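Chain by chain, the residues:
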Amino acid sequence: MRVLVYGVSGEVSGGIESFVLGMSEHMSERCVFDYVIVGERCVHADRIRAKGGRIYMVTSYRKNPLKFLHESWKTAKAARKDHNVAYFNLFSMCHTSAVAMCRLLNYRIVMHAHNSGMPGRGMLYRLLHVTCRKILGLIKCIRLTNSEESGRFMFGKKFSGPSRAETVYNGVEVEKYRFSQAVRDKKRAEMGIGGEFAAGFAGRLSTEKNPDFLMDVFYEISKRKNGAVFLVVGDGDCRDAMVKKAEKMQIAGSVHFLGRRTDLSEIYQAMDCLILPSLSEGLGIVLVEAQASGLHCFASAGAVPKIVGFSDEIMHFIPLSDPPGSWADRILKECAVLPERTKWNDAAKTGPFNIETEAVHLERILMQEG
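Rules of the game
Residues numbered from 1 in each chain as written. Predicted model: local features only at pLDDT ≥ 70, side-chain atom pairs only at ≥ 80, totals over all residues. Heavy atoms only, no water. Helix = DSSP H or I, 4+ residues; strand = E, 2+ residues; numbered from the N terminus. Buried < 20%, exposed > 50% of the residue type's maximum accessible area, 1.4 Å probe, protein only. Pairing = 2+ DSSP bridges. Right-handed = clockwise from strand over helix to strand, strands pointing away. Expected span 1.5 Å × (residues − 1). Polar contact = N/O pair within 3.5 Å; in protein donor to acceptor, adjacent residues only side chain to side chain. Phe/Tyr/Trp six-rings, centres within 6.5 Å; stacked < 30°, edge-to-face > 60°.

J.: Account for the side chain of Thr-75, with residues named and values stated.
T.: Note on placement: Thr-75 falls in helix 3 (residues 65-79). For Thr-75, a relative accessible area of 12% translates into the label buried.

Next up, the structure:
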């Protein structure tokens, strides 16, 4: 069965992209994902085609709204001959015209919530989200979520309960993240790190990730821990501002902006902790990956769902109301006790975030009849 997939960016490798591509690669050959990509390029083309998938390019709505709508309709209509299911991975309800199109074309609709808020967005954007949420609440479809918080935000309270929105956990390839001292030593040597304390971040450098506060936290760490370094993996609109802030705080030499990487599993092993002070998160899949590597993880309480934590031994939640100095003190205190890093990989294998079991779960939902 071929599934028409929406919501994957062709420009970046964020949480949704990692989730969808990873799940597809662990499904059986009976279930093939074809992707509708908005824009002019797709950096995931090799991975998609390796699984037998097709790519349908659609003009960006920012570039030409009318052409976007026309091409979206044309693509959905043409694909209908060999696709029964349209699978939407949603960051908000503001760009869901394709859902209505696919409903008119009698696709079976699956909507998957991946986000629990929209910090930094204006009133009009929020109003559009709420309006579209109400309209799409009338559509017959299967509703999935990665956390209770995402379900409430994306579908509304009446669809947030377990009887209405089914949870599909953000699975990761657990064994890939198993700690190895040899890999740690090799990666640190490549980056010019010796025995220094290495804090880390992984994700899009966007407003939602609270990058300004993130830099303040590391600045406080650097004042308390001589020689500390900060490994920043990812790219985004806020990168330039973060670079300038590092220079202004005179810590530029300690901050390594690593950009988009394909070796993140190895970079986790070079880290001593992961910091994610997000303003909102649907789940925070990097926290799952980092815990599977045995890292102490620190995330914003109330903004990051607690469901992401394996154990309070390595998953620590700190209120964003606490100042950066308090975050730094808590991070250094917890990291003074070194975790048994391979232990947490074993825990991940039997937990709900193992991609081997969750890919089967999602495939079953997508391929069911009706």
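Let's pick the thread back up.
J.: Got a sec to walk through the pairing of strand 6 (residues 142-145)? Specific residues and values, please.
T.: Neither face of strand 6 is left uncovered, since the one carrying Ile-142 and Leu-144 and the one carrying Arg-143 and Thr-145 both have all their residues buried. Relative to strand 6, strand 5 (residues 108-113) is paired through four bridges, and the arrangement is parallel. Looking across to strand 6, one finds that Met-111 is bridged to Arg-143. With helix 5 (residues 123-136) bridging strand 5 and the parallel strand 6, this β-α-β connection has right-handed handedness. Direction of pairing for strand 6 relative to strand 7 (residues 165-167): parallel, over a ladder of three bridges. Within strand 7, the position partnered with Thr-145 by the bridge is Thr-167.

J.: Can you explain helix 14 (residues 355-367)? Please cite residues and give values.
T.: Its 13 residues give helix 14 an end-to-end C-alpha distance of 18 Å, which sits within 8% of 18 Å, the value for a rise of 1.5 Å per residue. Those residues of helix 14 that fall on the buried side of the exposure criterion are Ile-355, Glu-358, Ala-359, His-361, Leu-362, Glu-363, Ile-365, Leu-366 and Met-367. The N-terminus of helix 14 is capped by Asn-354, whose side-chain oxygen sits 3.0 Å from the backbone nitrogen of Glu-356.

J.: Could you give an account of the packing of aromatic side chains, with specific residues and numbers?
T.: Applying the stated criterion across every chain yields a total of nine aromatic pairs. Ring plane angle 15° and centroid distance 4.5 Å describe the contact between Tyr-6 and Phe-88, whose orientation is recorded as stacked. Of this pair, Tyr-6 sits in strand 1 (residues 2-6) while Phe-88 sits in strand 4 (residues 85-90), placing them 82 residues apart in sequence. Given the relative accessible area of 3%, Phe-88 is considered buried. When the ring of Tyr-177 is compared with that of Tyr-268, the centres are 5.9 Å apart and the planes differ by 55°; the resulting orientation is tilted. With Tyr-177 in the loop between strand 7 and helix 7 (181-190) and Tyr-268 in helix 10 (residues 264-270), this pair connects stretches of sequence that are 91 residues apart. Through pairs of rings, three or more aromatic residues link up here, namely Phe-33, Tyr-35 and Tyr-87.

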